[in-house]
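For reference, the chains in residue letters:
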Amino acid sequence: MKNLSLLGSTGSIGTQALEVVRNLRAQGKQISVKALAAHSSVTLLETQAREFHPDIVAVFDEKAAASLKVCLRDTGIQVLAGMEGLCQAAAWESADTTLNAVVGMVGLQPTLAAIQGGKTLALANKETLVAGGSMVMEAVRRGGVKLLPVDSEHSAIFQCLEGCPGEAALDKLILTASGGPFFGKSREELKSVTREQALRHPNWDMGAKITIDSATMMNKGLEVIEASWLFGVPEDRIDVVIHRESIIHSMIQYRDNAVIAQLGLPDMAVPIQYALTYPERLPSPAGELNLWELQKLTFFPPDSQAFPCLELCREALRRGGLVPAAANGANEQAVLLFLEGKIGFLDIPRLVESAMDRQKPGNVTLEEVLAADREAREFVKAAG
Ligand code: NDP
Ligand code: MG
């Protein structure tokens, strides 16, 4: 029996997670949804609430929360609002597992609330670990809770590490990257790429923010930081390789140079489901891999001239402290401006770099992380 709190239920990961839940139920697995949460998608939240009958639904936007309350008045489902509502949903008493699939730094406080509530945490919200990694990992350690990665690369590494005899056996992590829609383009060519081109990812259908992050390679940079916290491996032992087909989801290399990889069709159903059923393996909605049809897999080094965001994130991780929070906050704001057509594609790394350089050293406490995030956003708004 599994009781789930699902934050970000209306998004790409959230809706796929509910599809995984439907599929598990169809197999007779007892899994129920006790809490749902999103920003403001009232219509979809109402449909989901009527299908899954959670105890509560949390809506970040206060006005949207008020209107959902009216829509659900015949159901007895409680509607909560704001950050407080989101944190209550994250730590909801009758849930044992919280899947955090909201997009952005806004996921940090709910993540901490879920950990403090003793929940098993299935984490898709990578920005949480980027901005507050040391704090989150310390809370996980102190609370003795399970942290299960949902990001496909990190789920792959988590799966590859099963059977690892101990830290000393591990040489490095190898993250794969699709390269996004602009793989092979020069810096000059990237100057004029449009929002529509950037939103066309070759292999994955994801939310807008992570799709832009994939185009700039910021996503892979955020994932290096995420991997470093999740697996306790320093930046110089995390390699990135471009693998256009997105079939190998990531790899680990042992001290004896044996490399273990996890493969499969690019479908988030597998990492989402594994985080929900771990350590069990059950049939999933994902299709089967046919290696004969594929014939070959290709690999290339990343181009740090054209896509500086990956190197910037490595630098942020090396500098440590609040620098990753500043890089992440600046990126979130720059992506918004790019999506609104207010800045160009290459302004994203430029603004991230400047925000990092402005960040003073400080302690990674919740207040300081929130302040570093806010300042980086304000700087980008003004400079963009
Ligand atoms: P989407 O943009 O598709 O969905 C975002 C979700 O977060 C929506 O449910 C949205 O609600 C909710 N949300 C946004 N802001 C708030 C807020 N302030 N309070 C509460 N809820 C909020 O994003 P994705 O599903 O693509 O990504 C979610 C996370 O998972 C990101 O951190 C991403 O990096 C990570 N991830 C995603 C992958 C993918 O395949 N999509 C793969 C690996 C990681 P609303 O609909 O109301 O706006
Ligand atoms: Mg990923």
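Report follows, based on the coordinates. (Residues numbered from 1 in each chain as written. Chains lettered and ligands numbered in written order. Predicted model: local features only at pLDDT ≥ 70, side-chain atom pairs only at ≥ 80, totals over all residues. Heavy atoms only, no water.)

Taken as a whole and judged by the stated rule, the model has six aromatic pairs. Taken together, a centroid distance of 5.8 Å and an interplanar angle of 65 degrees make the contact between Phe338 and Phe345 edge-to-face. Taking the relative accessible area as the measure of exposure, Phe338 reaches 3% and is therefore buried. Judged by its relative accessible area of 2%, Phe345 falls in the buried class. Taken together, the ring pairs in this structure connect Phe158, Tyr274 and Tyr278 into an aromatic cluster. Between Arg281 and the ring centre of Tyr274, over which it is positioned, the NZ or CZ distance is 4.0 Å. (Phe/Tyr/Trp six-rings, centres within 6.5 Å; stacked < 30°, edge-to-face > 60°. Buried < 20%, exposed > 50% of the residue type's maximum accessible area, 1.4 Å probe, protein only. Lys NZ or Arg CZ within 6 Å of the ring centre and 35° of its normal.)

Right, let's get into the environment of Ala91. With respect to the secondary-structure elements, Ala91 resides in the loop between helix 4 (82-90) and strand 5 (97-100). For Ala91 and Leu291, which are 200 residues apart along the polypeptide, the C-alpha to C-alpha distance reads 43 Å. Residues in contact with Ala91, not counting those within four places in the same chain, are Ala113, Gly117 and Lys119. (Helix = DSSP H or I, 4+ residues; strand = E, 2+ residues; numbered from the N terminus. Contact = heavy atoms within 4.5 Å.)

Around ligand 1, the structure places 25 residues, and the nearest of them are Thr10, Ser12, Ser40, Ser41 and Glu127. Between an oxygen atom of ligand 1 and a main-chain N or O atom of Gly8, the distance comes to 3.2 Å. Between ligand 1 and the protein, one listed contact pairs an oxygen atom with a backbone N or O atom of Ser12 at 2.8 Å. Computed on the free molecule, ligand 1 has an accessible area of 900 Å², of which 88% lies beneath the protein chains in the complex. Counted by class, the shell around ligand 1 contains twelve nonpolar, ten polar and three charged residues. (Near = heavy atom within 4 Å. Polar contact = N/O pair within 3.5 Å; in protein donor to acceptor, adjacent residues only side chain to side chain. Areas by Shrake-Rupley, 256 points an atom, 1.4 Å probe, with all protein chains shown as cover. Nonpolar A, V, L, I, M, F, W, Y, C, P; charged D, E, K, R; others polar.)

Before going further, it helps to examine the sheet that holds strand 7 (residues 147-149). Hydrogen bonds along the backbone pair up the strands of a sheet, which may run parallel or antiparallel. Overall, parallel pairing links the seven strands, which are arranged 4-3-2-1-5-6-7 in an open sheet. Each having just a single partner strand, strand 4 (78-81) and strand 7 make up the two edges of the open sheet. Neighbour-to-neighbour, the strand axes of the sheet open up by a mean angle of 20 degrees, direction not taken into account. Where strand 2 (residues 31-38) lies against strand 3 (residues 56-59), four bridges are found, and the strand directions are parallel. Within strand 3, the position partnered with Ala37 by the bridge is Ala58. Each of strand 1 (2-7), strand 2 and strand 5 touches helix 1 (residues 12-26); the most contacted strand, strand 2, lies at about 170 degrees to it. (Pairing = 2+ DSSP bridges. Axes fitted to C-alpha atoms, helices over the stretch in contact; angles between N-to-C directions.)

Everything listed is a geometric property; what it means functionally is a separate question.
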